[in-house]
Amino acid sequence: MIIFASIRLALRALRRNLLRTLLTMLGIIIGVAAVISVVSIGNGAKKQVEAQIATLGQNVILVLSGNVTRGGFSMGFGTAGTLTQPDLEAIRKEVEGVVGASPEVRANSQLAYGNQNANVQVSGVSADYLDIRAWPLKSGDNFTEQDVRGATKVAIIGQTTRKTLFGDGDAVGQTIRIKNAPFVIVGELAPKGMNMMGSDQDDIVLVPFSSALKRLAGGTSFRSISVQAADAKLLPGVQHDIDDLLRQRHKIQEGRDPDFLIRTQQEISNLATSTSRVLTVLLGSVAGVSLVVGGIGIMNIMLVSVTERTREIGVRLAIGARTRDIMMQFLFEAIALSVIGGVIGIGLGAWVSGQLSGVMGSPTVVAANSILIAFGSSALIGIVFGYFPALKAARLDPIEALRFE
Amino acid sequence: MTPIIELRDFKKTYKTGEIEVHAVRGVNLTVAAGEFVAVMGASGSGKSTLMNTIGCLDRPTSGAYLLDGVNIGRLERDDLADLRNQKIGFVFQGFNLLSRTSASENVELPMLYRRPAIPARDQRRRALEALTKVGLGQRGDHTPNQLSGGQQQRVAIARALVNHPKLLLADEPTGNLDSRTSIEIMGIFQELNQMGMTIVMVTHELDVARFAKRMVIMRDGRVVTDQAVEGMSIAQVELARLDAEQKAVNLAP
């Protein structure tokens, strides 16, 4: 018996008891829809985080200074300023493949312009910073290496801060006071939006790190340095070289813990997405369990169906159906149940995730591979849970089956 | 000429726990092409076992069974299925049609398992031919519950004939039918037999058995009578007589 005939036979048998067919499918429909929508929410969250990570810049390595231990408690990386300006210069000059490096000296400071004032995060950075973060200027210019070397009082202003201080007026060329020191605004940043923690990245003022150290933050060391590599392929080498270089400079013996920490963008991204990934896997497996339950439902109904149709099977065997023909007939019925249920479930899941996206205000992404996996796994469920009932049907003794009441 | 059925010292023993049940204790039976045999016997006489073996649903414990010259003793389950498909047409007491399935689709069923496969168009044509042969050419799209018992049995006979078998095997074909319909079904059997079909029929009614040409009676697993039917009933004659009797009591118009 050809496969086409088996499929036709299966569909006809399923149509004969439409209500039961639909109820049996419901398990698979709900299971697949649940998997599809949960995974699409997960995918959406991941995509959002990735987009935010991308705003950090391209091919960036973050070097964090070591941790301070107070009373036996580690305060976390970046709390002690173990990175210095010579470290920065060394990374820039000695590590191959580095195209730019910038520290970030943060100081929340009171800003004033005329009668307007604001408390804003002022970041001391190098001239490479804008390139590293792929952050274009809206107007004006970047400050120069000279400005950094001379600790000039120049500043670049973010969009939000500009609005606070100047309203609709022009900022470039104006002088603002940061902690009472006058800084000339040389440039205005293009808007960047929120970062992954949800804070406004545009509420910022950038100054040369030397000026920040001297006039705002005090001290001589950095908590972090961002390094940009020329190419993604160079990242592992650059990471390794920076590690070697800083160990050497900080005189840290082989095998001892360093007083700094190096993170690539990928690692940061992984860290940020790991929570949502764990949640997705967790919810996805719960949804997967419901798929299995749906499969058991199919098996149950198929077993009932085999018993109900024992005489039919007997007749088919008597008039010449081979074991395999009967096997195929019932297996195809189970597969048709689960695959049709799977297709409906995919449609339902796509619809539900669209609705959820509206309700939660975050994007959901129904990926092609999750559709394929859902389709494949529902077919697999049909085979796995249809096999035993089909085998039971195929192994019936024709004489017994014909006599069955 | 090769006989259609040749049983040589056929024995069948079932094991029920520790007890051995000798269902058939040595039967020699030869049925030539074109015969119409009625097999009779009380329950437990071994006639069902005999029919199951003749129908290739079961194999002899000892002895040999040759169907159309093929020894089935050595055949596997699937080979037996193919043999049933090609050489035997089954007619059952309870009709055994698929419910909610049209008459023509029921008749097409044996062709579904035919190897090599028969093209769909030929299947439909042959199903219609077989239905016409039993007088139901116009009822192909009726489902079993839209047909009377006699009509259902005719569909079953059409299904049995559709693969052009060598042997028509009927197990109590009139068991669920009234006397008029029974005679009609026997009329179809006699017609088919006249056209050359070999028929073996199990029945426990002597009236029905008298429509056959030869009568085989079994008791305790052995054949006790095997003779030609004297004064064989002719379906048309019996039907005419029944009509007359019914008219006499105003049962029929």
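Parameters at a glance
Residues numbered from 1 in each chain as written. Chains lettered and ligands numbered in written order. Predicted model: local features only at pLDDT ≥ 70, side-chain atom pairs only at ≥ 80, totals over all residues. Heavy atoms only, no water. Axes fitted to C-alpha atoms, helices over the stretch in contact; angles between N-to-C directions. Helix = DSSP H or I, 4+ residues; strand = E, 2+ residues; numbered from the N terminus. Parallel < 35°, antiparallel > 145°, perpendicular 65-115°, else oblique. Left-handed = near helix turned anticlockwise from the far one by under 90°. Contact = heavy atoms within 4.5 Å. Nonpolar A, V, L, I, M, F, W, Y, C, P; charged D, E, K, R; others polar. Expected span 1.5 Å × (residues − 1). Buried < 20%, exposed > 50% of the residue type's maximum accessible area, 1.4 Å probe, protein only. Pairing = 2+ DSSP bridges. Buried area = accessible area lost by both parts, 1.4 Å probe. Salt bridge = Lys/Arg side-chain N within 4 Å of Asp/Glu carboxyl O. Patch = residues over 30% accessible without salt bridge, like charges linked within 9 Å, V, L, I, M, F, W, Y side chains within 5 Å. Areas by Shrake-Rupley, 256 points an atom, 1.4 Å probe, with all protein chains shown as cover. Lys, Arg positive; Asp, Glu negative; His and termini not counted. Charge placed at Lys NZ, Arg CZ, Asp CG, Glu CD.

Asks: So what's going on with the packing of helix H3 (residues 103-112) of chain B against helix H5 (residues 149-161) of chain B? Residues and values would help.
Replies: For any two helices packed against each other, one specifies the inter-axial angle together with the distance between the axes. Residue and element names in this part refer to chain B. Remark: H3 packs on H5, axes separated minimally by 7 Å, with the N-to-C direction vectors making an angle of 30°. Considering their axes alone, H3 and H5 lie roughly parallel with respect to each other. The crossing of H3 and H5 is right-handed. Each of Ala-103, Asn-106, Val-107 and Pro-110 in H3 lies in contact with H5, whose residues at this interface are Val-155, Ala-158 and Arg-159. Looking at side-chain class alone, the contact of H3 with H5 contains 5 nonpolar, 1 polar and 1 charged residues.

Asks: Quick rundown of H5 of chain B? Include the residues and the values.
Replies: With 13 residues, H5 of chain B extends 18 Å from end C-alpha to end C-alpha; this agrees with the ideal 18 Å at 1.5 Å per step. Burial analysis of H5 of chain B places 12 of its 13 residues in the buried class, which makes it a mostly covered element. All of the buried residues in H5 of chain B are Gly-150, Gln-151, Gln-152, Gln-153, Arg-154, Val-155, Ala-156, Ile-157, Ala-158, Arg-159, Ala-160 and Leu-161 of chain B. Each element contacted by the buried residues of H5 of chain B is listed here: helix H10 (310-318) of chain A together with strand S6 (88-91), H3, helix H4 (120-133), strand S7 (167-171) and helix H6 (179-194) of chain B.

Asks: Break down the sheet that holds S7 of chain B for me, with residues and values.
Replies: All names here are of chain B. What the 6 strands build is an open sheet, ordered S6-S7-S8-S3-S9-S10; its pairing is mixed. In the strand order of this sheet, the two ends are held by S6 and strand S10 (222-228), each with one partner. Along the sheet, successive strands turn relative to each other by an average axial angle of 15°, direction set aside.

Asks: Describe the environment of Met-195 of chain B, and please don't skip the residues or the numbers.
Replies: Along the chain, the position of Met-195 of chain B falls in the loop between H6 and strand S8 (198-202). Residues Met-195 of chain B and Gly-34 of chain B, 161 residues apart in the sequence, show an inter-C-alpha distance of 8.4 Å.

Asks: Hey, could you go over the sheet that holds strand S1 (residues 60-65) of chain A for me, with residue numbers and the actual values?
Replies: All names here are of chain A. The strand order across the open sheet built from 4 strands is S5-S14-S1-S15, with neighbouring strands paired in antiparallel fashion. Either end of the sheet is taken by a strand with one partner, and the two such strands are strand S5 (98-103) and strand S15 (260-264). Going across the sheet, the axis of each strand differs from the next one's by a mean of 20°, ignoring polarity. With 5 bridges joining them, S1 and strand S14 (residues 224-229) adopt antiparallel strand pairing. Residue pairing across strands places Val-60 opposite Gln-228, the latter belonging to S14. On top of the sheet, helix H3 (residues 85-94) reaches S5 and S14; it is set at about 170° to S5, its chief contact.

Asks: Give a detailed account of the interface of chain A and chain B, specifying residues and quantitative values.
Replies: Each partner contributes residues to the interface: chain A has 25 residues there, and chain B has 23 residues. Interface of chain A and chain B: buried area, both sides summed, is about 2400 Å²; carbon and sulfur atoms make up 53% of it. Counting the surface chain A buries against chain B, the share from its top three residues, Arg-16, Ile-319 and Arg-322 of chain A, is 28%. In this structure, Asp-325 of chain A and Arg-115 of chain B form a salt bridge, with 3.2 Å as the shortest nitrogen-oxygen distance.

Asks: Give me a negative patch on the surface: which residues, what numbers.
Replies: Taken together, the side chains of Glu-96, Asp-241, Asp-244 and Glu-254 of chain A define an acidic patch exposed on the protein surface. Looking at Asp-241 of chain A, the relative accessible area reads 32%, which means it is partly exposed.

Asks: Tell me about the environment of Arg-12 of chain A, and please be specific about residues and values.
Replies: Looking at where Arg-12 of chain A falls in the secondary structure, it is placed in helix H1 (residues 3-16). Arg-12 of chain A sits 340 residues away from Val-352 of chain A along the chain, and the two C-alpha atoms are 31 Å apart.

Asks: Which residues make up the packing of H3 of chain B against H4 of chain B, and what values do they have?
Replies: All names here are of chain B. One can describe the packing of H3 onto H4 by two numbers: an axis separation of 9 Å at closest approach and a directional angle of 115°. Comparing the axis directions of H3 and H4 gives the class roughly perpendicular. Relative to H4, the crossing made by H3 is right-handed. Where H3 approaches H4, its residues Ala-103, Ser-104, Val-107, Glu-108 and Met-111 are matched on the opposing element by Gln-123, Arg-124, Arg-126, Ala-127, Ala-130 and Leu-131. Across the contact of H3 with H4, the residue classes break down as 6 nonpolar, 2 polar and 3 charged.

Asks: Please set out the pattern of salt bridges residue by residue, giving values where relevant.
Replies: Within this structure, the stated rule accounts for 27 salt bridges over all chains. The salt bridge partner of Glu-312 of chain A is Arg-309 of chain A, with a shortest N-O separation of 3.2 Å. Each member of the pair Glu-312 of chain A and Arg-309 of chain A is classed as buried. In this structure, Lys-12 of chain B and Asp-58 of chain B form a salt bridge, with 3.1 Å as the shortest nitrogen-oxygen distance. A residue pair is termed long-range when its members are at least 10 positions apart, and Lys-12 of chain B in strand S1 (residues 5-16) and Asp-58 of chain B in the loop between helix H1 (47-54) and strand S4 (62-67) qualify at 46 residues. You can call Lys-12 of chain B buried: its relative accessible area is 9%. Accessibility expressed as a relative area gives 17% for Asp-58 of chain B, which makes it buried.

Asks: Can you break down the pairing of strand S7 (residues 116-125) of chain A residue by residue, with the values?
Replies: A regular strand places its side chains on the two faces of the sheet in alternate fashion. Residue and element names in this part refer to chain A. Strand direction decides the pairing type here: strand S6 (residues 105-113) and S7, joined by 9 bridges, are antiparallel. Residue pairing across strands places Ala-112 opposite Asn-117, the latter belonging to S7. What sits between the antiparallel neighbours S6 and S7 is a turn of 2 residues, in which Gly-114 has the positive phi angle 60°. Relative to strand S12 (residues 204-208), S7 is paired through 5 bridges, and the arrangement is parallel. Opposite Gln-121, over in S12, you have Ile-204 as the bridge partner.

Asks: So what's going on with the pairing of strand S11 (residues 181-189) of chain A? Residues and values would help.
Replies: Residues and elements named next belong to chain A. As paired strands, strand S8 (residues 137-140) and S11 are joined by 3 bridges and run antiparallel to one another. Across the sheet, Ser-139 pairs through a bridge with Glu-188, a residue of S11. Of the strand pairs in this sheet, strand S9 (residues 154-157) and S11 are connected by 4 bridges, and their pairing is parallel. Bridge pairing links Ile-156 to Gly-187 in S11.

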